[in-house]
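Listed below, chain by chain, are the residues.
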Amino acid sequence: MLSLIASVALALGFDARLAQEVALKENPALDPAVISVTGDLGLMQINSDYLDYYLDMYWYGDRQTVVRVMGEFVPFQWANPKHNAYLGIRILKDLVYNPYINTWQALIAYNCGLARLKSGLVPESSVQYATDIYTAWLESKGVPLE
């Protein structure tokens, strides 16, 4: 699954290692068919409350990119690991490239939502989530940590 995540990330022009770290934190077993207790779906644990919005924006609303990465356009299947990786990485990429937040904040937003991040009502679990991923990502790049 990690090589699938890397290939989708690279096809989308995104940091493969960061995408892999998010997937491992979200879904340590990398089970493409898992549904969390909060209803998050699949490999990248897509928030089911916003699935229609994400699909309109990144799948059905950007068929050209879907075809370029997937090879064809087909209906989205959340339990398909390539579909789920694509959607999760598109969401993550938009957050990371948001000019108003940094990468660590983008990771918080991936976990608890951009609105919560902007409101300042971030759960401590989301701060720890982002810190764990960010630290692992920096270490994988050989960045010395204090």
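About the cut-offs
Residues numbered from 1 in each chain as written. Predicted model: local features only at pLDDT ≥ 70, side-chain atom pairs only at ≥ 80, totals over all residues. Heavy atoms only, no water. Axes fitted to C-alpha atoms, helices over the stretch in contact; angles between N-to-C directions. Helix = DSSP H or I, 4+ residues; strand = E, 2+ residues; numbered from the N terminus. Parallel < 35°, antiparallel > 145°, perpendicular 65-115°, else oblique. Contact = heavy atoms within 4.5 Å. Nonpolar A, V, L, I, M, F, W, Y, C, P; charged D, E, K, R; others polar. Patch = residues over 30% accessible without salt bridge, like charges linked within 9 Å, V, L, I, M, F, W, Y side chains within 5 Å. Areas by Shrake-Rupley, 256 points an atom, 1.4 Å probe, with all protein chains shown as cover. Salt bridge = Lys/Arg side-chain N within 4 Å of Asp/Glu carboxyl O. 1 Å grid on protein atoms, 1.4 Å probe; cavity = no way out; pocket = protein on both sides within 12 Å on 5 of 7 lines; lining within 4 Å. Points joined across faces, edges and corners; volume = space filled by probe spheres on them. Buried < 20%, exposed > 50% of the residue type's maximum accessible area, 1.4 Å probe, protein only. Expected span 1.5 Å × (residues − 1). Polar contact = N/O pair within 3.5 Å; in protein donor to acceptor, adjacent residues only side chain to side chain. Phe/Tyr/Trp six-rings, centres within 6.5 Å; stacked < 30°, edge-to-face > 60°.

Peer 1: Run through the packing of helix H3 (residues 51–59) against helix H5 (residues 81–96), naming residues and quoting values.
Peer 2: Between H3 and H5, the shortest axis-to-axis distance is 10 Å and the interhelical angle comes to 85°. Classified by the angle their axes make, H3 and H5 are roughly perpendicular. Along its contact with H3, which presents Leu51, Tyr54, Leu55, Met57, Tyr58 and Trp59, the element H5 presents His83, Tyr86, Leu87, Arg90, Ile91 and Asp94. Taken together, the residues of the contact of H3 with H5 sort by class into nine nonpolar, one polar and two charged.

Peer 1: Provide a residue-level description of a nonpolar patch on the surface, including the pertinent values.
Peer 2: Residues Tyr50, Tyr53 and Met57 make up a contiguous nonpolar surface patch of about 330 Å² in total accessible area. Its place among the elements puts Tyr50 in the loop between helix H2 (16–26) and H3.

Peer 1: Let's hear about the layout of surface pockets: which residues, and what values?
Peer 2: Taken as a whole, the largest pocket spans an internal volume of roughly 580 Å³. Lining of the largest pocket is provided by 24 residues; of these, Asn47, Tyr54, Ala109, Tyr110 and Gly113 occupy positions nearest its centre. If you list the elements that add at least two residues to the lining of the largest pocket, you get H3, H5, helix H6 (103–112) and helix H7 (114–119). Split by residue class, the lining of the largest pocket holds 13 nonpolar, six polar and five charged.

Peer 1: Account for unusual backbone geometry, with residues named and values stated.
Peer 2: Of note, Leu30 is a non-glycine position whose phi angle comes to about 55°, a positive value. Topologically, Leu30 is positioned in the loop between H2 and H3. Of the residues examined, Leu30 reaches a relative accessible area of 12% and is grouped as buried. Residues other than glycine seldom take positive phi values, yet Gln45 does so here, at roughly 55°. Secondary-structure assignment places Gln45 in the loop between H2 and H3.

Peer 1: Explain H5 residue by residue, including any values.
Peer 2: For H5, which comprises 16 residues, the first-to-last C-alpha distance of 22 Å matches the rise-based estimate of 22 Å (1.5 Å per residue) to within 8%. Where burial is concerned, most of H5 is hidden: twelve out of the 16 residues are buried. Restricting attention to buried positions, one finds in H5 the residues His83, Asn84, Ala85, Tyr86, Leu87, Gly88, Ile89, Arg90, Ile91, Leu92, Leu95 and Val96. Those residues of H5 that are buried lie in contact with helix H1 (2–11), H2, H3, helix H4 (63–70), H6 and H7. Capping of H5 at its N-terminal end is provided by Asn80; its side-chain oxygen lies 2.9 Å from the backbone amide nitrogen of Lys82.

Peer 1: I'd like a description of the packing of aromatic side chains, backed by residues and values.
Peer 2: Any aromatic ring pair is given by two values, namely how distant the centres are and how the planes are angled relative to each other. According to the stated counting rule, one finds nine aromatic pairs in the structure shown. Here Phe14 and Tyr97 contribute two aromatic rings whose centre-to-centre distance is 6.3 Å and whose plane-to-plane angle is 85°, an arrangement assigned as edge-to-face. Linking Phe14 in the loop between H1 and H2 with Tyr97 in the loop between H5 and H6, this pair joins segments that are 83 residues apart in sequence. A ring pair is formed by Trp59 and Phe76, whose centres lie 5.2 Å apart and whose planes are at 75°; its orientation type is edge-to-face. Of this pair, Trp59 sits in helix H3 while Phe76 sits in the loop between H4 and H5, and the two are 17 residues apart along the sequence. In terms of burial, Trp59 and Phe76 fall into one category: buried. Feature note: the residues Trp59, Tyr60, Phe73, Phe76 and Tyr86 constitute an aromatic cluster, connected by ring pairs.

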